[in-house]
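# Reading the structure
Listed below are the residues making up each chain.
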Amino acid sequence: AFNTAYNWVSDSLYFQDLGNSLNTVSTTLQERHAAINYNSDDTDLTFQTQVQEYQVVDPDILPINYPYRRLPQVSLDWQSDVASQGPQFNLQTEFVHFQQDLRVGALRTDIKPSVSDTFGTAGYYLTPTAAYRYTDYSLDNNALPGQQTSITRALPILSLDSGLSLERSI
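Structural notes, computed from the coordinates. This one's a predicted model, so the numbers in the text were calculated from it and none came from an experiment.

It is worth spelling out the overall build of the protein at this point. Assigned secondary structure in the protein consists of two helices and nine strands. Along the longest, intermediate and shortest principal axes, the C-alpha atoms of the protein span 65 × 55 × 30 Å. Taking the intrachain contacts of the protein between residues at least 6 apart in sequence as the baseline, contacts between residues at least 24 apart amount to 52%. Roughly 11,700 Å² of accessible area belongs to the protein as shown, and the carbon and sulfur atoms make up 56% of that amount. Seen as two clouds, the 9 positive and the 19 negative side-chain charges of the protein have centres 6 Å apart.

What follows is the structure, encoded as structure tokens:
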């Protein structure tokens, strides 16, 4: 599926001049994006890529405070067949390039594989999950001399979800 939006106004005071509601007068950004989404029912795979930027229509916002552009953002998610018995596997990935003319930009890579399994009966369930999340930021333009240009984190994640169903006939 393809989705796009291109909003643009030629007069940065357009919303203040013609609007009379708080929602209209407080409009500060006009979003522009183009996105492609793909969902596969056969393989439980989801893919999305997009580019996104904003037109700033509030003259009080300084260029240093303009929002970042995402040029591009790519995500790929996969999960094993939820109807099958046994452990469930999941993978979430994202790559995005943040850009802003007057501030430090970054390439972010985020990867999160996980495995979980559900145990229980009709009255209760326990679902332990083990995951590992790795995120890397590579700073690009406008980085200060001597500033660290690569930031990473690696997080092991353990969680336990549970539920209990209590039922009584009256």
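Scanning the entire structure with this criterion turns up four salt bridges. Residue Asp-101 is joined to Arg-69 by a salt bridge in which the shortest nitrogen-to-oxygen separation is 2.9 Å. A residue pair is termed long-range when its members are at least 10 positions apart, and Asp-101 in the loop between β5 (88–99) and β6 (106–116) and Arg-69 in strand β4 (residues 69–79) qualify at 32 residues. According to the relative accessible area criterion, Asp-101 is exposed, its value standing at 56%.

The next subject is unusual backbone geometry. Following Leu-71, the chain continues into Pro-72 via a peptide bond in cis, with omega recorded as -5°. Here Pro-72 lies in strand β4.

Let us look at the environment of Tyr-125. For Tyr-125, the location among the structural elements is in strand β8 (residues 124–139). As a C-alpha pair, Tyr-125 and Asp-161 span 36 residues in sequence and 8.1 Å in three-dimensional space. The contact partners of Tyr-125, leaving out residues within four places of it in the chain, are Thr-118, Phe-119, Gly-120, Asp-161, Ser-162 and Gly-163.

So, on to a nonpolar patch on the surface. Where nonpolar side chains cluster on the molecular surface, the patch consists of Trp-78, Phe-89, Leu-91, Ile-111, Val-115, Tyr-132 and Tyr-134 and spans about 570 Å² of accessible area. Broken down by secondary-structure element, the contributors of at least two residues to the nonpolar patch are β5, β6 and β8. Checked against the element boundaries, Trp-78 lands in strand β4.

Where two aromatic rings form a pair, the distance of their centres and the angle of their planes describe that pair. This model, assessed by the stated rule, comprises one aromatic pair. Seen from their ring centres, Tyr-68 and Phe-98 are 6.4 Å apart, and the 85° between their planes marks the pair as edge-to-face. Placement of the pair is Tyr-68 in the loop between β3 (45–56) and β4 and Phe-98 in strand β5, with a sequence separation of 30 residues. Residue class for Phe-98 comes out buried when judged on its relative accessible area of 18%.

Looking now at the side chain of His-33. Structurally, His-33 can be placed in strand β2 (residues 29–40). Among the polar contacts listed, one links the side chain of His-33 to the side chain of Glu-31, at a separation of 3.2 Å. Beyond its immediate chain neighbours, meaning those up to four positions away, His-33 contacts Asn-3, Thr-4, Ala-5, Gln-50, Val-51 and Gln-52.

Now for the side chain of Ser-114. Along the chain, the position of Ser-114 falls in strand β6. Apart from the residues lying within four places of it in its own chain, the contact partners of Ser-114 are Gln-88, Phe-89, Asn-90, Thr-129, Ala-130 and Ala-131.

The rules behind the values
- Residues numbered from 1 in each chain as written.
- Predicted model: local features only at pLDDT ≥ 70, side-chain atom pairs only at ≥ 80, totals over all residues.
- Heavy atoms only, no water.
- Helix = DSSP H or I, 4+ residues; strand = E, 2+ residues; numbered from the N terminus.
- Contact = heavy atoms within 4.5 Å.
- Areas by Shrake-Rupley, 256 points an atom, 1.4 Å probe, with all protein chains shown as cover.
- Lys, Arg positive; Asp, Glu negative; His and termini not counted.
- Charge placed at Lys NZ, Arg CZ, Asp CG, Glu CD.
- Salt bridge = Lys/Arg side-chain N within 4 Å of Asp/Glu carboxyl O.
- Buried < 20%, exposed > 50% of the residue type's maximum accessible area, 1.4 Å probe, protein only.
- Patch = residues over 30% accessible without salt bridge, like charges linked within 9 Å, V, L, I, M, F, W, Y side chains within 5 Å.
- Phe/Tyr/Trp six-rings, centres within 6.5 Å; stacked < 30°, edge-to-face > 60°.
- Polar contact = N/O pair within 3.5 Å; in protein donor to acceptor, adjacent residues only side chain to side chain.

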